[in-house]
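Single-letter residue listing:
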Amino acid sequence: MHIDDIDTPALVLDLDVCERNIRRFQRTFDEYGVGFRPHIKTHKIPELARWQVDAGAIGITCQKLGEVEVMANAGLDNILLYFNIVGEPKLERLCRLSQECDLTVTADSPIVTDAIGAVAVRRGVVVNVLAELNSFIDRTGVPSVSELVDLAKHIDRTPGLNLRGMATYPTGRQSADRIAEAIRAFDQAGLNREIVSGGGTPTAFEAEAVNGLTEHRAGTYIFMDRQCIDRGVATEADCALQVLTTVVSNPVRERAVIDGGTKTFSADGDMPRGIVLDFPGAEIYQTNEEHGFLDIGNCDPRPSIGDRIRVIPNHVCVTVNLHNQVYGCRGNEVERVWPVAARGLVQ
C-alpha cells in the first residue's frame, strides 16, 4: 500500500524516526543507570509497547485501568498504573488485574489506599503501591515529604497492600533536592523504597541529576510533537507521527480548508493548531469539528484542492486518542496498520 492510498484524515507514522526515538531514549537511560518505563498513553498500541520493552525498557506505564487491561491481555507485564483508583467497580478490576500481571499502582491519600486494601483483603490478593509526592506542577501527590512518609507508613501497615516505594511527576533538576529529601526520610523511617519513580519527556535528559531515581517514565518521546519542539527537546525531524489531511476547499486566495478539525486534532495548545509541513508558511488558524482553516497568504506555491498536507500536532497523545488506527510507513510505503487498541479507555 502506498501512502497516497491512505484516506484522510489519518495518522501516519514514520517507522524509522519512531525506532530512532525509542533507541535514543533507551540508550540514554541505560547510560544513566536508570530503569526506563515508557508511558503507553501516548500511542495506546500493544505492538509499540513491545518494541519499547524489546529495546530494553523495564516495563510500561499506564494511566487508566482500561489501558492496563489491553496491555496485559496482549502479554505485557511489569506495569505501573499511575493514577488514584477510586470506586468499587475500579477497585474490583484493580484487584483482578493484580492477580493476572505484575502491577503496581500509585496513591496519594489514605482514603484511596484504605479502599484498595479492603477490596484486596476481600479478594485474597496483595496490591503493590507507590506513595505519590507532588512535584512542581501541583497535580496529584501529597504536598510535603513528611506527609509522604506518613502515607507510606499507613500503606505499609494496611492489610492487602505492599509498599514498594515512591513516585512523582515530573522530575528533573527542579525536583532533585525534594526527591533526595524523600529518600532520606524513607531510609530514616525504615520504609521500602525499591522503586523511586520519576517521569516526563521534556525533563528526561535531566534524570541523571536526580540522585536515587530508580526509573523514569516518558510517553511523548516515541512520537514527539509541537509541544516538545517548543520545549527544546525535539526538532521537526524527530516528530515521527503526523496527521495526513487533504485540502477540500480553497474559496479565496488566502484561505484553504483541510478535512481535519477538532475531531482530528487535539485542542491542546495555542494556535496555530500544529506545524504544517509540505507548504511552508501555511498555518492552521482556526478549527471547527471537521474543518481546519489554513492561512496560505504567505505560501509560494499555495496548496490547491486535492493537495495532501501533513501536520505535526500540538499534543500527540490526545490526537492519537481521536483516531482508530495508525499507518506505519517507511518512506512512502505503508508497512503496518495498527488499531489504536486502548483508544477511548478512560475508565
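Residues numbered from 1 in each chain as written. Predicted model: local features only at pLDDT ≥ 70, side-chain atom pairs only at ≥ 80, totals over all residues. Heavy atoms only, no water.

Let us now look at the overall build of the protein. On a plain count of helices and strands, the protein comes out with nine helices and 17 strands. The C-alpha atoms of the protein give a radius of gyration of 22 Å, which matches the 20 Å a tight globule of 347 residues would have. Dimensions of the protein, computed from C-alpha atoms along their principal axes, come out at roughly 70 × 40 × 35 Å. A total of 347 residues make up the protein; the buried ones form 55% of that total. Partitioning the contacts of the protein with sequence separation of at least 6, the portion at a separation of at least 24 is 67%. (Helix = DSSP H or I, 4+ residues; strand = E, 2+ residues; numbered from the N terminus. Rg over C-alpha atoms; globule rule 2.2 N^0.38 Å. Buried < 20%, exposed > 50% of the residue type's maximum accessible area, 1.4 Å probe, protein only. Contact = heavy atoms within 4.5 Å.)

Next up on the list: the pattern of salt bridges. What the rule picks out here adds up to 21 salt bridges. Here Glu-19 and Arg-330 are joined by a salt bridge, their closest N and O atoms 2.6 Å apart. Within this pair, whereas Glu-19 is found in helix H1 (residues 15-32), its partner Arg-330 is found in strand E16 (residues 325-330), the two being separated by 311 residues in sequence. The partner of Glu-67 in a salt bridge is Lys-44, with the nearest N and O atoms 2.7 Å apart. (Salt bridge = Lys/Arg side-chain N within 4 Å of Asp/Glu carboxyl O.)

Mapping Arg-122 onto the fold places it in helix H5 (residues 110-123). With a relative accessible area of 51%, Arg-122 lands in the exposed category. Arg-122 sits 79 residues away from His-43 along the chain, and the two C-alpha atoms are 35 Å apart. When near neighbours in sequence (up to four residues on either side) are disregarded, Arg-122 contacts Glu-88 and Glu-92. One polar contact links Arg-122 to Glu-88, side chain to side chain, over a distance of 2.4 Å. (Polar contact = N/O pair within 3.5 Å; in protein donor to acceptor, adjacent residues only side chain to side chain.)

Right, let's get into the nonpolar core. Core analysis: the largest hydrophobic core is formed by 96 residues, its most contacted members being Leu-13, Leu-81, Leu-94, Val-127 and Phe-223. Leave out the neighbours within four places in its chain, and Leu-94 touches Leu-65, Leu-81, Ile-85, Leu-103, Val-105, Ile-116 and Val-127. Judged by nonpolar contacts, the second largest core, of eight residues, contains Ile-3, Val-12, Cys-329 and Val-334. (Core = buried A, V, L, I, M, F, W, Y, C linked by side-chain atoms within 4.5 Å.)

All right, on to the sheet that holds strand E8 (residues 195-199) then. Read from one edge to the other, the open sheet built from eight strands follows the order E2-E9-E8-E7-E6-E5-E4-E3, with strand pairing classed as parallel. Where the open sheet ends on each side, the last strands, each with one partner, are strand E2 (35-36) and strand E3 (60-62). Here eight bridges tie strand E6 (residues 127-134) to strand E7 (residues 161-169), and the two strands are oriented parallel to one another. Within E7, the position partnered with Ala-131 by the bridge is Met-166. The sheet strands contacting helix H7 (residues 176-189) are E6, E7 and E8, and the helix crosses E7 at an angle near 165°. (Pairing = 2+ DSSP bridges. Axes fitted to C-alpha atoms, helices over the stretch in contact; angles between N-to-C directions.)

Once that is clear, we can look at the side chain of Gln-63. Along the polypeptide, Gln-63 turns up in the loop between E3 and helix H3 (65-73). Within the local environment of Gln-63, its side chain forms a polar contact with the side chain of His-39, the two groups lying 3.2 Å apart. Dropping the residues within four chain positions of it, Gln-63 is found in contact with His-39, Lys-41, Leu-81, Tyr-82 and Phe-83.

In this structure, strand E1 (residues 10-14) lies alongside E16, joined through four bridges in parallel fashion. Bridging across to E16, Asp-14 finds its partner in Cys-329. Pairing of E16 with strand E17 (residues 333-339) involves six bridges; the strand directions are antiparallel. Counterpart to Val-326 in the pairing with E17 is Trp-338. Hairpin remark: E16 followed by E17, antiparallel, with two residues in the connecting loop; positive phi at Gly-331, about 65°.

A few words now on unusual backbone geometry. Cis geometry marks the peptide bond from Tyr-169 to Pro-170, where omega comes out at -10°. Along the polypeptide, Pro-170 turns up in the loop between E7 and H7. Put simply, Asp-300 and Pro-301 share a cis peptide bond, and its omega is 5°. Mapped onto the elements, Pro-301 comes out in the loop between strand E14 (292-295) and strand E15 (308-312).

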